[in-house]
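One-letter residues, chain by chain:
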Amino acid sequence: MSVVALIDYGAGNLRSVHNALVAAGAENVAVTADPDVVAKADRIVLPGVGAFAACMNGLSAIDGLVSAMEQRVRREGAPFLGICVGMQLLADTGEEHGTHKGLGWIGGTVRRFEEGFGYRFPHMGWNDVVPFDGKSGKLAVEEQTSECHPILALGEAYFLHGYYFEAAQRSEILAMSDHSVMFAAAVGRDNILGVQFHPEKSQAYGLATLERFLAWQP
């Protein structure tokens, strides 16, 4: 039976994400901080709620966990999904309450939204997710096109964040949304995917996203 490791490091909406994965068809979701379980998992999901530094510190404080993730995802190619701050931790650095080092799996910096007329801080609520082809710089404004990432589709999802991922390489931006600036709603490459929105709070759109993740063979 395929095992999905849902990383428990004290900074994620674990119950909701677990329930959403099960509703999407996952048969065995292991909520875990055990590096041995992570090292053998078929798929890995990293949720995240809170400040960048606190999440990164919580992840790093668990002996062997980051190393197990590095081995299973980056060297062995297990499909990986980062959610909200779990996506942001893929960056080189985050600028929330100072500058802090991230995992460095996807080049970039996590920056604060500028506050302006008509835009609330933080960005909270439903917003568009528009697949993006970083190579051509084109947004996939149709329902589904060949440029779309296999997990991502045009639709609306639920967001809750005050900082956004500014990717170093345009080719690693997989979807866009808009809140005072156009920002990355999803980033990734190869077997690594991060989404800024919360699939577990995004109703039918979110469940469909998780279903595609569970079927993904990068």
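Going by the structure above, here's the rest.
The following refers to the structure shown. (Residues numbered from 1 in each chain as written. Predicted model: local features only at pLDDT ≥ 70, side-chain atom pairs only at ≥ 80, totals over all residues. Heavy atoms only, no water.)

## A closer look at the overall build of the chain
Definition in use: The secondary structure listing takes helices from DSSP runs of H or I that are at least 4 residues long and strands from runs of E that are at least 2 residues long, numbered from the N terminus. A radius of gyration in this sense is built from C-alpha atoms; the matching globule rule multiplies 2.2 Å by the number of residues raised to 0.38. Accessible area is worked out with a 1.4 Å probe on protein chains only. A residue is then buried under 20% of its type maximum, exposed over 50%, and partly exposed in between. Between two residues, a contact is recorded if the distance between any of their heavy atoms is within 4.5 Å. Only four residue types enter the charge count, namely Lys and Arg as positive and Asp and Glu as negative; His and the chain termini do not. Every charge is mapped onto a representative atom, which is NZ of Lys, CZ of Arg, CG of Asp or CD of Glu.
A tally of regular secondary structure across the chain gives six helices and 14 strands. Expected size for 218 residues packed as a compact globule is a radius of gyration near 17 Å; at 16 Å, the chain falls within 12% of this value. The principal-axis extent of the C-alpha atoms belonging to the chain is close to 45 × 40 × 30 Å. For the chain, the residues scored as buried account for 54% of the 218 residues in total. A separation of at least 24 residues holds for 73% of the contacts in the chain among residues at least 6 apart in sequence. Of the side-chain charges in the chain, 16 are positive and 25 negative, and the distance between the mean point of each set is 3 Å.

## Considering unusual backbone geometry
In the Ramachandran plot, C84 falls in the positive-phi region, its phi being about 55 degrees despite a non-glycine side chain. We note that H97 has phi near 55 degrees; this positive angle belongs to a residue other than glycine. When you line up the elements, H97 lands in the loop between β5 (93-94) and β6 (100-101).

## A word on the sheet that holds β6
What counts is decided by this rule: Here the rule is simple: two strands pair whenever DSSP picks up at least two bridges between them.
Across the sheet, which stays open at both edges, the four strands sit in the order β6-β5-β7-β11 with mixed pairing between neighbours. Looking along the sheet, the strands with just one partner apiece sit at the ends: β6 and β11 (163-167). Alignment of β5 against strand β7 (residues 108-112), held across two bridges, turns out to be parallel. Each bridged residue has a counterpart across the sheet, and for G94 the counterpart in β7 is V110.

## Considering helix α6 (residues 203-215)
So the rule is basically this: Helices are assigned an expected span. That span is 1.5 Å times one less than the residue count.
The terminal C-alpha atoms of α6 lie 19 Å apart, and with 13 residues this matches the ideal 18 Å at 1.5 Å per residue to within 8%. Regarding α6, the residues found buried are Y205, G206, T209, L210, F213 and L214. Along its buried surface, α6 packs onto β1 (4-7), α1 (14-23), β3 (43-46), β4 (80-83), β8 (123-133) and β10 (155-161).

## Looking at the packing of aromatic side chains
Where we set the bar: Classification of ring pairs uses Phe, Tyr and Trp, with its six-membered ring standing for Trp, and accepts pairs whose centres are within 6.5 Å; under 30 degrees between planes counts as stacked, over 60 as edge-to-face, and the remaining range as tilted. To sit over a ring, a charge needs its Lys NZ or Arg CZ within 6 Å of the ring centre and within 35 degrees of the ring normal.
Taken as a whole and assessed by the stated rule, the structure comprises eight aromatic pairs. Through pairs of rings, three or more aromatic residues link up here, namely F113, F159, Y164, F183, F197 and Y205. Lying across the ring of F213, R43 places its NZ or CZ 5.8 Å from the centre.

## Side note on the environment of G125
Tracing the backbone shows G125 in strand β8. Of the residues examined, G125 reaches a relative accessible area of 12% and is grouped as buried. Contacts of G125, omitting those with residues within four sequence positions, involve A157, Y158 and F159.

## Quick notes on the pattern of salt bridges
Stated precisely, the cut-off is as follows: Salt bridges are counted wherever a side-chain nitrogen of Lys or Arg sits within 4 Å of a carboxyl oxygen of Asp or Glu.
The tally for this structure, following the rule as stated, stands at five salt bridges. Here E166 ties to R111 by a salt bridge, and the two come within 2.7 Å at their closest N and O atoms. A residue pair is termed long-range when its members are at least 10 positions apart, and E166 in strand β11 and R111 in strand β7 qualify at 55 residues. Taking the relative accessible area as the measure of exposure, E166 reaches 35% and is therefore partly exposed. Owing to a relative accessible area of 26%, R111 belongs among the partly exposed residues under this scheme. Here R189 and E172 are joined by a salt bridge, their closest N and O atoms 3.1 Å apart. Of this pair, R189 sits in strand β13 (residues 181-189) while E172 is found in the loop between β11 and β12 (173-179), placing the two residues 17 residues apart along the sequence. The class of R189 is partly exposed, set by a relative accessible area of 29%. Residue class for E172 comes out buried when judged on its relative accessible area of 10%. One salt-bridge network, held together by shared partners, links E95, R111 and E166.

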